[in-house]
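What follows is the residue order along each chain.
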Amino acid sequence: MKIQTGRGTIPLITLIAIWSISALTSLPGLAVSPILGDLTKIFPKATDLDIQMLTSLPSLLIIPFILLGGKLTEKVDYVRVLKVGLWLFAASGVLYLISNRMWQLIVVSALLGIGSGLIIPLSTGLVSRYFVGTYRVKQFGLSSAITNFTLVIATAVTGYLAEVSWHLPFLVYLLPLVSILLVGYLKEDRSGEVAFTASSSSATATTTTTTTTTTTAAANVATANAATVTVPETNSADDSKAARQSAIDIGGSKYGIHIKHLIELMLFYGVITYIVIVVIFNLPFLMEKHHFSSGNSGLMISLFFLAITAPGFCLDKIVGLLKERTKAYSLLSMALGLLLIWIAPIEWLIIPGCILVGLGYGIIQPMLYDKTTQTALPQKTTLALAFVMMMNYLAILLYPFIVDFFQWVFHTQSQEFPFIFNLLITVVTLFWAYRRRHTFLFNDQLK
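Residues numbered from 1 in each chain as written. Predicted model: local features only at pLDDT ≥ 70, side-chain atom pairs only at ≥ 80, totals over all residues. Heavy atoms only, no water.

Student: What am I meant to see in the overall build of the chain here?
Tutor: Along its length, the chain carries 16 helices and four strands. Considering the chain as a whole, with its 447 residues, one finds that 52% of them fall into the buried category. The long-range share in the chain, meaning contacts at least 24 apart out of those at least 6 apart in sequence, stands at 80%. Summing over all exposed atoms, the chain offers an accessible surface of approximately 19,800 Å²; the carbon and sulfur share of this is 66%. (Helix = DSSP H or I, 4+ residues; strand = E, 2+ residues; numbered from the N terminus. Buried < 20%, exposed > 50% of the residue type's maximum accessible area, 1.4 Å probe, protein only. Contact = heavy atoms within 4.5 Å. Areas by Shrake-Rupley, 256 points an atom, 1.4 Å probe, with all protein chains shown as cover.)

Laid out in structure tokens, this is it:
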């Protein structure tokens, strides 16, 4: 079976390999969560610092190694970088299973952070390498859906395994072994371009393949410092029109990346991630205040992640309908969701609240990845994506400190405060997105 990419076709097994990488990006730190409450019993001499290091060290190391992974793809075959990251990730899974001391778990957590950091930018970088136009938007949506669906399933599995043995949740870190088996289907030719099969719908495609590949490489060099770089013609008669019309704006940058646009994308991604994290971090405490069980809060968070997953299966259709208002309507959905959670101490309002927040985020996240591919030359795309994806982990790390700071400023310890504060941020961002809906950052019209 062949999969259309917008400039040819690739085998289904290659797409499955790409999806398998996306499935791994949600796993770091997941196995520790269900055993956090038992760590002091398992390791009586463990200090609070030890436990904090075990939980936060992967995220701390992911941030610099995401950037390193993105940078390495400029000089090193991306498949080689991917293999190194996958083997380190899988090795951490094996070592977790045989570790019996806290210091050993902390060291292995560092290894996990390094390995996962190397592969995270490639989870989106691979999509940008293989797909263009609406095909790329669709695949970014599916990639995001797979990431979040894996998170939901893995969370349930690790919770069950933790009841059997505290070692068993770490089995999820062996999933990279599947990707290692599939990575051989991700191939590059010597020029650094992904190899495609021409679509059979064009009778002349085969004869033009060699010429197109050669001129593509030359064009990338010749236009490196241009303000706008037009994507080369494709070999598919049906899909070449969209590719020809699309353009990569680097703003005349000598770095091959439109710096202003990249910074805008990074800041916006950081803000929306900060907004939705409140559901994960603070909803359990709010529900506890309203005398709900921990099982209920776990169900709400699972629904939140499932809602993030849902838009990915029809993202291109959603964006095609909402166009330049896509992000504004998504932020409106998030604002309504936070409002329902804040005002509603009852399940039948908290449930739609979590779903609305998840749906809004599930639309915006993959669209930001697609926007990022339009800010950089092809050889710089993975690095640009690395900078944007880094903001997700930075927002997660900074969130508790920001909440504590503003609670101190306003002299409150209310469980509702984080939701009110994030709701205000969402409303401000919503008006900003609507007023600037025709600018690069917010105009999501498909070409």
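Student: Would you explain the side chain of Gln374 in this entry?
Tutor: Mapped onto the elements, Gln374 comes out in the loop between helix H14 (347–373) and helix H15 (381–409). For Gln374, a relative accessible area of 17% corresponds to the buried category. Only 3.2 Å separates the side chain of Gln374 from the side chain of Asp370, close enough to count as a polar contact. Each residue touching Gln374, except ones within four places of it in the same chain, is listed here: Arg136, Ile248, Asp249 and Phe440. (Polar contact = N/O pair within 3.5 Å; in protein donor to acceptor, adjacent residues only side chain to side chain.)

Student: Please explain a nonpolar patch on the surface as it appears in this structure.
Tutor: A surface patch of nonpolar side chains, amounting to about 520 Å² of accessible area, comprises Tyr329, Leu332, Leu336, Leu339, Trp342 and Ile343. Among the structural elements, Leu339 can be located in helix H13 (residues 326–343). Note on Leu339: relative accessible area 32%, which makes it partly exposed. (Patch = residues over 30% accessible without salt bridge, like charges linked within 9 Å, V, L, I, M, F, W, Y side chains within 5 Å. Salt bridge = Lys/Arg side-chain N within 4 Å of Asp/Glu carboxyl O.)

Student: How do you make sense of unusual backbone geometry when you look at a structure like this?
Tutor: Negative phi values dominate among residues other than glycine, just as trans dominates among peptide bonds. The residue Lys323 is not glycine, and still its phi comes out positive at about 55°. Secondary-structure assignment places Lys323 in the loop between helix H12 (315–322) and H13. You will see that His411, though not glycine, has its phi angle at about 55°, which is positive. Tracing the backbone through its elements, the reader meets His411 in the loop between H15 and helix H16 (417–435). In this structure His411 comes out as exposed when scored by relative accessible area, which is 72%.

Student: Sorry if this is basic, but what is going on with the side chain of Lys380 here?
Tutor: With respect to the helices, strands and loops of the structure, Lys380 is situated in the loop between H14 and H15. Residue Lys380 is classed as buried on the basis of its relative accessible area of 18%. The residues touching Lys380, leaving out its near neighbours within four places in the chain, are Lys71, Glu74, Tyr255, Gly256 and Ile257.

Student: Explanation requested: the packing of aromatic side chains in the structure shown.
Tutor: Taken as a whole, this structure holds 18 aromatic pairs when the rule is applied. A centroid spacing of 5.4 Å and a plane angle of 35° characterise the contact between Tyr96 and Tyr173, whose relative ring orientation is tilted. Here Tyr96 is found in helix H4 (residues 78–98), whereas its partner Tyr173 is found in the loop between helix H6 (133–164) and helix H7 (176–182), with 77 residues between them in sequence. Neither Tyr96 nor Tyr173 differs from the other in exposure class; each is buried. Plain terms: the ring middles of Phe405 and Phe406 are 5.2 Å apart, the flat faces sit at 80° to each other, and that makes the pair edge-to-face. We classify Phe406 as partly exposed; its relative accessible area is 25%. Pairwise contacts between aromatic rings join Phe405, Phe406, Trp408, Phe410, Phe417 and Phe421 into one cluster. Positioned over the ring face of Tyr434 is Arg437, at 4.2 Å from the centre of the ring. (Phe/Tyr/Trp six-rings, centres within 6.5 Å; stacked < 30°, edge-to-face > 60°. Lys NZ or Arg CZ within 6 Å of the ring centre and 35° of its normal.)

Student: Looking at this structure, how should I read the packing of H12 against H14?
Tutor: Each pair of packed helices gets described by two things: the angle between the helix axes and the distance between those axes. Contact geometry for H12 and H14: axes closest at 11 Å, N-to-C directions at 90°. Overall, the two elements H12 and H14 adopt an arrangement that is roughly perpendicular. Contacts between H12 and H14 involve Leu315, Ile318 and Val319 from the former and Ile363, Pro366 and Met367 from the latter. Broken down by class, the residue content of the contact of H12 with H14 amounts to six nonpolar, no polar and no charged. (Axes fitted to C-alpha atoms, helices over the stretch in contact; angles between N-to-C directions. Parallel < 35°, antiparallel > 145°, perpendicular 65-115°, else oblique. Nonpolar A, V, L, I, M, F, W, Y, C, P; charged D, E, K, R; others polar.)

Student: Would you take a moment to explain H12 for this structure?
Tutor: One full turn of an α-helix is made of 3.6 residues, so residues set three or four places apart face in the same direction. When H12 is considered as a whole, its buried residues turn out to be Leu315, Asp316, Ile318 and Val319. Down the axis of H12, the buried side of the element spans an arc of 160°, and every buried residue falls inside it. Set apart from the buried face of H12 by more than 90 degrees, the exposed residues are Lys317 and Leu321. Packing partners of the buried residues in H12 comprise H6, H13 and H14. (Arc of directions from axis to C-beta.)

Student: Would you explain the environment of Tyr269 in this entry?
Tutor: Note on placement: Tyr269 falls in helix H10 (residues 259–289). We classify Tyr269 as buried; its relative accessible area is 0%. Distance in space between the C-alpha atoms of Tyr269 and Ala395 is 8.9 Å, their sequence separation being 126 residues. Sequence-distant contacts of Tyr269, defined by excluding residues within four places in its chain, comprise Tyr361, Gln365, Leu368, Tyr369, Val388, Met389, Met391 and Asn392.

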